[in-house]
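# Close look at the chain arrangement
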Amino acid sequence: MMTRSRQGVPGTTVGIDVGGTMLRGGLVGPDGSLRDVVRRPLPHGPEARHAAVLELARDLGQDAVAVGVAVAGVVDDGRLLLSANLGLGDIDLRTALVESTGLPSEVVNDAQAAALAEVRGGSAQGLVLVVTVGTGIGGAVVLDGKLVRGRGFAGEIGHVVVDRGGLPCGCGAAGCWEGLASGESLRRAAERVLPGPDRTVDRLVAAADSGDPGAVGALMEAAEAFADGLNGMCAVLAPHRIVLGGGVFARGGLVADVYRSQASTRRWVRGAEITMAAQGDHAGLLGAGLAARDLVAGPPTGVLAAL
Ligand SMILES: [Zn+2]
């Protein structure tokens, strides 16, 4: 393990967000503020990507006491098991970060990071379920401001099987929730019901907006699948608050309205406060930094004193 050449700024952590094309990092201060944000293009190839993440963590880690990294993928106890979008995995990313920076490090998935950013680590009491609907469906559970991790992948709600024998999923199962209600499933619906060459989700929504029965039906089918899945999550978790985020909700308009209104009719969803994700582009790296803060939080006799 490397020895740090400088003392990190107390309470300041590194947050890094490994996106599909871009690597972003910054310093998260004790007050939750974000500064020194840097963007670097994500190089091609798993080894170069791995090295680029470690290099950015080292650079920013000079001024911090812990490192948090958010990745779009399945994370199990600091190990990135699978990230189909990034072409990374199976790698023990947390151990590599600790060895590379000499700092306590944490790895969370992007939905978990976004969830921490939404509740601003510690400010929200009760149980919050964060659901991100983008290409797939991700999720995270936050209890009294702390991320519920379990073995690491708590909140992988998109991979609950709701349609046994249904569409094959990247996780290896078939009939996962995200296969019926994600942005990708809307794209497939557009291909199914729209005429012509340009069968996009935008056109599907426009057609539904103008009352096209096929488009309305496809959108309602996805919204009902979303509502049924969320209903199941709420039966398990009984959340006080549900935060809806990700690309599908960021679109706003008809899709977001229909998804939300369908969900709010369901038995176990009713009674939960439903809000829209408020954090923008920096939610991932802010949340990663907040996750790292958990490693060094507590009285001075704790981990911090041992650094
Ligand atoms: Zn799956």
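Our subject is the structure that appears above.
Because the structure is predicted, anything quoted here is derived from the model rather than measured.

Orientation of helix α5 (residues 183–193) relative to helix α7 (residues 213–237), taken along the N-to-C sense of each, is 155°, at an axis distance of 10 Å. In terms of axis orientation, α5 runs roughly antiparallel to α7. For the crossing formed where α5 meets α7, the hand is right-handed. From α5, L186, A189, R192 and V193 reach across to α7, where they touch G214, A215, A218, L219, E221 and A222. Of the residues belonging to the contact of α5 with α7, the class tally is seven nonpolar, one polar and two charged.

Most of strand β11 (residues 241–245) is tucked away, with five of its five residues classed as buried. Of the two faces of β11, the one carrying R241, V243 and G245 and the one carrying I242 and L244 are both buried. Pairing of strand β8 (residues 127–133) with β11, which is carried by five bridges, proceeds in the parallel orientation. Note on β11: the bridge partner recorded for V128 is R241. Alignment of β11 against strand β12 (residues 273–276), held across four bridges, turns out to be parallel. Within β12, the residue paired with I242 across the bridge is I274.

This next bit is on the packing of aromatic side chains. Applying the stated criterion across every chain, the model contains four aromatic pairs. Seen from their ring centres, W177 and F226 are 5.7 Å apart, and the 20° between their planes marks the pair as stacked. Highlighted residues: W177 in the loop between β10 (146–147) and α4 (178–181) and F226 in helix α7, separated in sequence by 49 residues. Each member of the aromatic cluster is reached from another via a ring pair, and the members are W177, F226, F249 and Y259. Positioned over the ring face of W268 is R267, at 4.1 Å from the centre of the ring.

Soluble globular proteins tend to bury their nonpolar side chains together. Counting residues in each nonpolar core, the largest one holds 41 residues, and the members touching the most others are V131, W177, L186, F226, L230 and Y259. Where this core is concerned, the elements lending two or more residues are β8, β9 (137–143), α5, α6 (201–209), α7, β11, α8 (247–250) and α9 (253–263). With 11 residues, α7 is the largest single contributor of residues to this core. In terms of nonpolar packing, the next biggest core, distinct from the first, is built from 26 residues, I16, L56, V69 and L86 among them.

About the thresholds
- Residues numbered from 1 in each chain as written.
- Predicted model: local features only at pLDDT ≥ 70, side-chain atom pairs only at ≥ 80, totals over all residues.
- Heavy atoms only, no water.
- Axes fitted to C-alpha atoms, helices over the stretch in contact; angles between N-to-C directions.
- Helix = DSSP H or I, 4+ residues; strand = E, 2+ residues; numbered from the N terminus.
- Parallel < 35°, antiparallel > 145°, perpendicular 65-115°, else oblique.
- Left-handed = near helix turned anticlockwise from the far one by under 90°.
- Contact = heavy atoms within 4.5 Å.
- Nonpolar A, V, L, I, M, F, W, Y, C, P; charged D, E, K, R; others polar.
- Buried < 20%, exposed > 50% of the residue type's maximum accessible area, 1.4 Å probe, protein only.
- Pairing = 2+ DSSP bridges.
- Phe/Tyr/Trp six-rings, centres within 6.5 Å; stacked < 30°, edge-to-face > 60°.
- Lys NZ or Arg CZ within 6 Å of the ring centre and 35° of its normal.
- Core = buried A, V, L, I, M, F, W, Y, C linked by side-chain atoms within 4.5 Å.

Honestly, that's just the spatial picture; any functional story needs more than this.
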